[in-house]
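# Coordinate inspection notes
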There are 2 protein chains.
Amino acid sequence: MLLSWVLTLQPEEEATVPSNQGRAAHAWFLGRVRAADATLADELHGGQGLRPFTVSNLWELGREGGPEASLLPARTYTLRATSFSPRLSALLRERVLPGLPPALSIGGAALRVVGSTTDPAQHPWAAGATFEGLVQQFTLAADVPRTVGLRFLSPTAFRVTGKKRAVPLPLPALVFGGLVDKWNAFAPIQVHPDVRRFAEECLAVSSYGLETRRVLFGEDGERGAYSGFVGRCHYYVEVPDRYWMGLIQLLAGFSLYAGVGVRTTMGLGQARKLEPRSGGRGR
Amino acid sequence: MLLSWVLTLQPEEEATVPSNQGRAAHAWFLGRVRAADATLADELHGGQGLRPFTVSNLWELGREGGPEASLLPARTYTLRATSFSPRLSALLRERVLPGLPPALSIGGAALRVVGSTTDPAQHPWAAGATFEGLVQQFTLAADVPRTVGLRFLSPTAFRVTGKKRAVPLPLPALVFGGLVDKWNAFAPIQVHPDVRRFAEECLAVSSYGLETRRVLFGEDGERGAYSGFVGRCHYYVEVPDRYWMGLIQLLAGFSLYAGVGVRTTMGLGQARKLEPRSGGRGR
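A short tour of the structure in this document, coming up. (Residues numbered from 1 in each chain as written. Chains lettered and ligands numbered in written order. Predicted model: local features only at pLDDT ≥ 70, side-chain atom pairs only at ≥ 80, totals over all residues. Heavy atoms only, no water.)

Under the definition given, this model contains 28 aromatic pairs over all chains. Both rings, one in A:Phe29 and one in A:Phe53, keep their centres 5.3 Å apart while their planes meet at 25°; by these two values the pair is stacked. One end of the pair, A:Phe29, is in helix α1 (residues 22–36); the other, A:Phe53, is in strand β3 (residues 53–55), with 24 residues separating them in the sequence. For the ring pair B:Phe217 and B:Tyr226, a centre distance of 5.9 Å and an interplane angle of 90° mean the geometry is edge-to-face. Across this residue pair, the class does not change: B:Phe217 and B:Tyr226 are buried. A network of ring pairs unites the aromatic residues A:Phe84, A:Phe131, A:Trp183, A:Phe186 and A:Phe254 as a single cluster. Against the face of A:Phe217 rests A:Arg263, its NZ or CZ located 4.6 Å from the ring centre. One cation-aromatic arrangement involves A:Arg272 over A:Trp125; the distance from NZ or CZ to the ring centre is 4.9 Å. (Phe/Tyr/Trp six-rings, centres within 6.5 Å; stacked < 30°, edge-to-face > 60°. Helix = DSSP H or I, 4+ residues; strand = E, 2+ residues; numbered from the N terminus. Buried < 20%, exposed > 50% of the residue type's maximum accessible area, 1.4 Å probe, protein only. Lys NZ or Arg CZ within 6 Å of the ring centre and 35° of its normal.)

Counting from both sides, the interface comprises 27 residues of chain A and, opposite them, 27 residues of chain B. In total, chain A and chain B occlude about 2300 Å² of area from one another, counting both sides; carbon and sulfur atoms represent 48% of this. Among the residues chain A hides against chain B, the three largest losses belong to A:Arg165, A:Tyr208 and A:Glu238. Together they make up 30% of the total. Between chain A and chain B we count zero salt bridges in total. Put simply, chain A and chain B have 19 residue pairs in polar contact (both at pLDDT 80 or more) between them. Elements that contribute at least two residues to the side of chain A that touches chain B include exactly α7 (195–202), β10 (203–216) and β11 (225–237) of chain A. (Contact = heavy atoms within 4.5 Å. Buried area = accessible area lost by both parts, 1.4 Å probe. Salt bridge = Lys/Arg side-chain N within 4 Å of Asp/Glu carboxyl O. Polar contact = N/O pair within 3.5 Å; in protein donor to acceptor, adjacent residues only side chain to side chain.)

What follows covers the relation of the copies chain A and chain B. Each copy of the sequence occupies a distinct position, and chain A is placed on chain B by a rotation of 180° and an axial shift of 0.0 Å, giving an RMSD of 0.0 Å. Taken together, the rotation and translation relating the two chain copies correspond to the operation of a two-fold axis. When C-alpha positions in chain A are compared against the rotation axis, the closest is assigned to A:Leu210, at 2.8 Å. When the interface residues of chain A are mapped onto chain B, 100% of them again fall at the interface, so both copies present the same face. (Least-squares fit on C-alpha atoms with pLDDT ≥ 70 in both.)

A few words now on the pattern of salt bridges. For side chains bearing opposite charge, pairing can occur when the charged atoms are close. Residue and element names in this part refer to chain B. Within this structure, the stated rule accounts for eight salt bridges over all chains. Between Arg196 and Asp181 there is a salt bridge whose closest N-O contact spans 2.8 Å. Residue Arg196 is located in helix α7 (residues 195–202), and its partner Asp181 is located in helix α6 (residues 172–186); the two are separated by 15 residues in the primary sequence. Given the relative accessible area of 38%, Asp181 is considered partly exposed. Measuring nitrogen to oxygen at the nearest pair gives 3.5 Å for the salt bridge that ties Arg197 to Glu201. One end of the pair, Arg197, and the other, Glu201, are both in helix α7, four residues apart, so they sit about a helical turn from each other. Its relative accessible area of 51% is what places Arg197 among the exposed residues.

Quick look at the structure:
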């Protein structure tokens, strides 16, 4: 079971806050998990491995640029958390979502919960799926498209061996290599890890519109400073192969839950597959 | 001697033309060279090697998107040609520019010459320099910046071994590796070719705003179809070294004349170094 849970929040009063609330949102999310299952919360918090969840920044804050942003009571703000482990998803659905308090505090600001959903009919980034369902949807389709597009909603970057700074470019091997690692860490059905090599050798960036944004963790970036890209990127399969193309589509679909790149549990790398395009523009 | 020659042109009547006039501009430019020195024109036209010149598309056409664009008599249009071989530059300055006819024909459209300059005071993309002067300016400065930015004015892409399509990403090794090849092919002072390796290993993309555009050569792209990027990209030196950093600045400065990537003699890859920024945004 995979979940994409979208919360709509309304500030109780006006406040000026750091525009990156990724750490605060992360802490809030783990707090809710802890209240329902302290052992699972400890597992999610500890260790160095891949985590089966993502938590966004308050979407509207990150868009404004600058280190600080205003929370206005007249507006609503969006927070999204995802899970891609069966155990965490079950806990969220059975305990955390039903037991959600009427207000929450993020970074010292009190926010009323005015919406909470995993239903895509209620919010375009809300969703639920099973690993089996994703495999069915994306790899067993009669016609596997030769292109795939991703939308990067929050700043996205990649840790690369030998580079001091995270790389803010949607290189095929980085995007799909990271996704296959996460898939294989948590899905009951394994995907061939050579999909990373297929992405590197046979997938080409065909068109994009992207810009970088600077994200600081801690007041002066002492807990991490990133240049991450937002926008859209389309890939094209140079060497068509139905098997690998299906896996690429699958991993792109998985990105809605898994996120892409570094610090996805603290707001970065919120991404999703774009609907296939009809026209050929920019292919 | 290096030259960046900017022509301002006004259509004699309204016309609808293919928005990519890169091949036509290329043919017009070689025609002017041929009229002054047929032997040199043959050398520039023949063979498979690097060419010591670039020719732009009519700038304003390429910006509109779509396969066709309007030439309006009420507007002016910009054409830029550059040279980075001493012999071609001398010919341009001594014979071609002084002997320029009052009108020219590109892609069947007649355009009056209303401006022709290599003086940066008259047009921001007009310029003249010597190889020695560039070396002096960029590598012998007291303080070599740790960042460098490039503006990509026309669609830019790179031929990469093993990839069928040109790669529309400003990867450091592609940008600076291509520039060092051109520099060493035509400059009297050689630059260490390992600058490509330095760019690959020690230069990081730090911030950018880029989008791809589709460029077709021939009516349906039968003479080449490219997805190229336009916009701005900044690089940051992860391992500071005064020597290599100076060469990176030099090659960035050289890009105004040399162009970047594929098909620079037919409109693609018009680029230049950005002035150093004062702020730290997006670094």
